[in-house]
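Chain and residue survey
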Amino acid sequence: MLTPLRPPARAARLAVLRREYMGQILAAAARQNRTPRVAPYVLAQPGAERRADLEQVAGYAAEMGWQVARSSFADVGQPLPLVQRPGFTAACRYAAQGYAHGILAIARPAITTDDDSYARMLEHLRERGVFLAYLPALREPTP
């Protein structure tokens, strides 16, 4: 009988899985000689906060050499379960229809902190040829 992974180990395994799926989809785009396109997704209030988050996402996409899709997606408030987030659902549908290779968010907590929901969502996106990416975490400088 397998021992279940503790939450930190499971989250780390899911991060590896997300990067693996992303690599597969980016490699497929490269084989087709296509520039990867991402749909920005943020969890932010309308106005200055949302604009700043979308600019940050677009800046990272440019650094990576990715195109930013014409449409961006957002939800407001506390991160509800994924099925209750119309902005994220629309981003997934948009990308799955071929308008983007991936969804780019600021960080995993903007998607979900529930490992089971996250694992199902990653698999759902991979089956549709869509990856999920985040901005790199800012690290404290080491003394």
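Structural notes on the overall build of the protein chain
Along the backbone of the protein chain there are four helices and five strands. When the helices and strands of the protein chain are placed in sequence order, the string is α-β-α-β-β-α-β-α-β. With respect to the three principal axes, the spread of C-alpha positions in the protein chain is 50 × 45 × 40 Å. Across the 143 residues in the protein chain, those meeting the buried criterion constitute 36%. Contacts in the protein chain between residues at least 24 apart in sequence constitute 74% of all its contacts with a sequence separation of at least 6. If you sum the accessible surface of the protein chain, you get close to 8,800 Å²; carbon and sulfur atoms cover 54% of it.

Concerning the pairing of strand 4 (residues 102-105)
Burial of strand 4 is two-sided: the residues Gly102 and Leu104 facing one way and the residues Ile103 and Ala105 facing the other way are all buried. Alignment of strand 1 (residues 37-43) against strand 4, held across three bridges, turns out to be parallel. Its bridge partner lying in strand 4, Val38 is registered against Gly102. Pairing geometry for strand 4 and strand 5 (residues 131-134), over four bridges, is parallel. Note on strand 5: the bridge partner recorded for Leu104 is Ala133.

A look at the nonpolar core
Within the largest apolar cluster, 26 residues are counted, with the highest numbers of intra-cluster contacts made by Tyr41, Phe88, Ile103, Ile111, Met121 and Leu132. Among the elements of the structure, helix 1 (7-31), strand 1, helix 3 (86-99), strand 4, helix 4 (115-127) and strand 5 are those that each provide at least two residues to this core. Residue contributions to this core peak at five residues, all from helix 3. Ignoring anything within four residues of it in the chain, the contact list for Tyr41 reads Phe73, Ala74, Asp75, Arg85, Gly87, Phe88, Ile103, Leu104, Ala105, Ile106, Ala110 and Ile111.

Some details on the pattern of salt bridges
Pairing of side chains with opposite charge becomes possible as their charged atoms draw close. According to the stated counting rule, one finds five salt bridges in the structure shown. The closest approach of N and O atoms between Glu123 and Arg126, which form a salt bridge, is 2.3 Å. Of this pair, Glu123 and Arg126 both sit in helix 4, three residues apart, which is roughly one turn of the helix. When its relative accessible area of 24% is taken as the criterion, Glu123 is described as partly exposed. Ionic pairing is found between Arg128 and Glu127, a salt bridge with its closest N-O pair at 3.5 Å. For Glu127, a relative accessible area of 53% gives the class exposed.

Observations concerning the side chain of Arg108
Within the fold, Arg108 resides in the loop between strand 4 and helix 4. Within the structure, Arg108 has its side chain in polar contact with the side chain of Asp115 (distance 2.8 Å). With sequence-adjacent residues up to four places away left out, Arg108 is seen in contact with Ala11, Leu14, Thr113, Asp114, Asp115, Tyr118 and Tyr134.

Details of the pairing of strand 5
For a regular strand, side chains alternate in direction, first toward one face of the sheet and then toward the other. Neither face of strand 5 is exposed, since Phe131 and Ala133 on one face and Leu132 and Tyr134 on the opposite face are all buried. After leaving strand 4, the chain enters helix 4 and then returns to the sheet as strand 5, a path that is right-handed.

Some thoughts on the environment of Asp75
Within the fold, Asp75 resides in strand 3 (residues 73-75). For Asp75, a relative accessible area of 6% puts it in the buried group. Counting along the chain gives 38 residues from Asp75 to Arg37, while the straight-line C-alpha distance between them is 21 Å. A distance of 2.7 Å separates a polar atom in the side chain of Asp75 from a polar atom in the side chain of Tyr41. Within the local environment of Asp75, its side chain forms a polar contact with the backbone nitrogen of Gly87, the two atoms lying 2.8 Å apart.

Conventions used here
- Residues numbered from 1 in each chain as written.
- Predicted model: local features only at pLDDT ≥ 70, side-chain atom pairs only at ≥ 80, totals over all residues.
- Heavy atoms only, no water.
- Helix = DSSP H or I, 4+ residues; strand = E, 2+ residues; numbered from the N terminus.
- Buried < 20%, exposed > 50% of the residue type's maximum accessible area, 1.4 Å probe, protein only.
- Contact = heavy atoms within 4.5 Å.
- Areas by Shrake-Rupley, 256 points an atom, 1.4 Å probe, with all protein chains shown as cover.
- Pairing = 2+ DSSP bridges.
- Core = buried A, V, L, I, M, F, W, Y, C linked by side-chain atoms within 4.5 Å.
- Salt bridge = Lys/Arg side-chain N within 4 Å of Asp/Glu carboxyl O.
- Polar contact = N/O pair within 3.5 Å; in protein donor to acceptor, adjacent residues only side chain to side chain.
- Right-handed = clockwise from strand over helix to strand, strands pointing away.

All we've got here are geometric facts, nothing functional implied.
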